[in-house]
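So the chains spell out like this:
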Amino acid sequence: WKDAPENSTAKARLVIKGFQDPDLISIRAEAPTLSKLGRHMLLQMAASHGMTLEMGDVKTAFLQGDRGESQRDVYAQPVPELARYLGLTAVQILRLEGAVYGLRNAPRRWWHRVKADMERLGWRSHQLDQCVWMKLDPNTGDLIGLCGIYVDDFLVGGNCRELLQGVIWTWAWF
């Protein structure tokens, strides 16, 4: 941690010591990622349907995960610089409300957020690879959009720009 120079924005990423989590052994951490076969299938389907593909990387993805940590009692002792910045005394600690870097289940929390958001936007997960998402025209049932997700990297394609905007506007991107 260091103070940002004048007229600049400070950037910091705090990482929790997840290996010290008392629930380390019992907590579920697995999260699916786009398989090689799924990626090839997505590229073939996009080419067959004449779709343009765009790539994107979600900014600080794990911090955008669902707020499930509020269901557990997870605490962290802040580094002295953060404690000073937040006005905490030496004996005060932080209670985590959401997923953060270092927690064993952060990837799973992120995946749950992505899955819920994609379903809310009307996308369907493919039967062969749950990280390949399809958008079908509600009237004709025709394929109008494809999306492949590998952790925080997205490969999105479709027949109209408005379709892609829903995915693009849902998360913060690099």
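To keep things clear, this report deals only with the structure shown in the data block. Everything numeric here is computed off the predicted structure, so don't read it as measured data. (Residues numbered from 1 in each chain as written. Predicted model: local features only at pLDDT ≥ 70, side-chain atom pairs only at ≥ 80, totals over all residues. Heavy atoms only, no water.)

## So, the overall build of the chain
Step number 1: When you go through the chain residue by residue, the secondary structure sums to four helices and seven strands.
Step number 2: Listing every helix and strand of the chain by position from the N terminus yields α-β-β-α-β-α-β-β-β-β-α.
Step number 3: Across its three principal axes, the chain shows a C-alpha extent of roughly 60 × 45 × 30 Å.
Step number 4: Looking at the chain alone, contacts between residues at least 24 apart form 64% of all its contacts between residues at least 6 apart.
Step number 5: Here the chain has roughly 11,200 Å² of accessible surface; of this, 54% comes from carbon and sulfur atoms.
Step number 6: Treating the 21 positive side-chain charges of the chain as one cloud and the 20 negative ones as another, the clouds have centres 2 Å apart. (Helix = DSSP H or I, 4+ residues; strand = E, 2+ residues; numbered from the N terminus. Contact = heavy atoms within 4.5 Å. Areas by Shrake-Rupley, 256 points an atom, 1.4 Å probe, with all protein chains shown as cover. Lys, Arg positive; Asp, Glu negative; His and termini not counted. Charge placed at Lys NZ, Arg CZ, Asp CG, Glu CD.)

## Examining the pattern of salt bridges
Two side chains bearing opposite charge may form a pair once their charged atoms approach each other closely.
Step number 1: Per the stated rule, a full pass over the model turns up seven salt bridges.
Step number 2: Where Asp 117 meets Arg 113, a salt bridge forms, and the shortest distance between an N and an O atom there is 2.6 Å. Of this pair, Asp 117 and Arg 113 both sit in helix α3 (residues 106-120), four residues apart, which is roughly one turn of that helix.
Step number 3: A single network of salt bridges, built from pairs that share partners, joins Arg 28, Glu 30 and Arg 108. (Salt bridge = Lys/Arg side-chain N within 4 Å of Asp/Glu carboxyl O.)

## A closer look at the pairing of strand β6 (residues 143-150)
Residues in a regular strand point their side chains to alternate faces of the sheet.
Step number 1: Most of β6 sits out of view: seven of its eight residues are buried.
Step number 2: In this sheet, β6 lies alongside strand β5 (residues 132-136) in antiparallel orientation, the contact comprising five bridges. Paired with Leu 136 across the strands is Leu 143, a residue of β6.
Step number 3: Following β5, the chain reverses through six residues before pairing antiparallel with β6; Gly 141 in that reversal takes a positive phi of roughly 80°.
Step number 4: Where β6 and strand β7 (residues 153-158) come together, six bridges link them in antiparallel fashion. Among the inter-strand pairings, Gly 145 is bridged to a residue of β7, identified as Gly 158.
Step number 5: Here β6 folds back onto β7 in antiparallel fashion, the turn holding two residues, of which Val 151 has a positive phi close to 60°. (Buried < 20%, exposed > 50% of the residue type's maximum accessible area, 1.4 Å probe, protein only. Pairing = 2+ DSSP bridges.)

## Considering the packing of aromatic side chains
Step number 1: Taken as a whole and judged by the stated rule, the model has two aromatic pairs.
Step number 2: Considering the side-chain rings of Phe 62 and Tyr 101, the 5.4 Å spacing of their centres and the 35° angle between planes classify their relative orientation as tilted. Pair noted here: Phe 62 is in the loop between β1 (52-57) and β2 (75-76) and Tyr 101 is in the loop between β3 (94-95) and α3, with a separation of 39 residues, a long-range link.
Step number 3: Ring geometry for Trp 111 and Trp 133: centres 6.3 Å apart, planes at 45°, overall tilted. One end of the pair, Trp 111, is in helix α3; the other, Trp 133, is in strand β5, and 22 residues separate them in sequence.
Step number 4: A relative accessible area of 8% means that Trp 111 is categorised as buried. (Phe/Tyr/Trp six-rings, centres within 6.5 Å; stacked < 30°, edge-to-face > 60°.)

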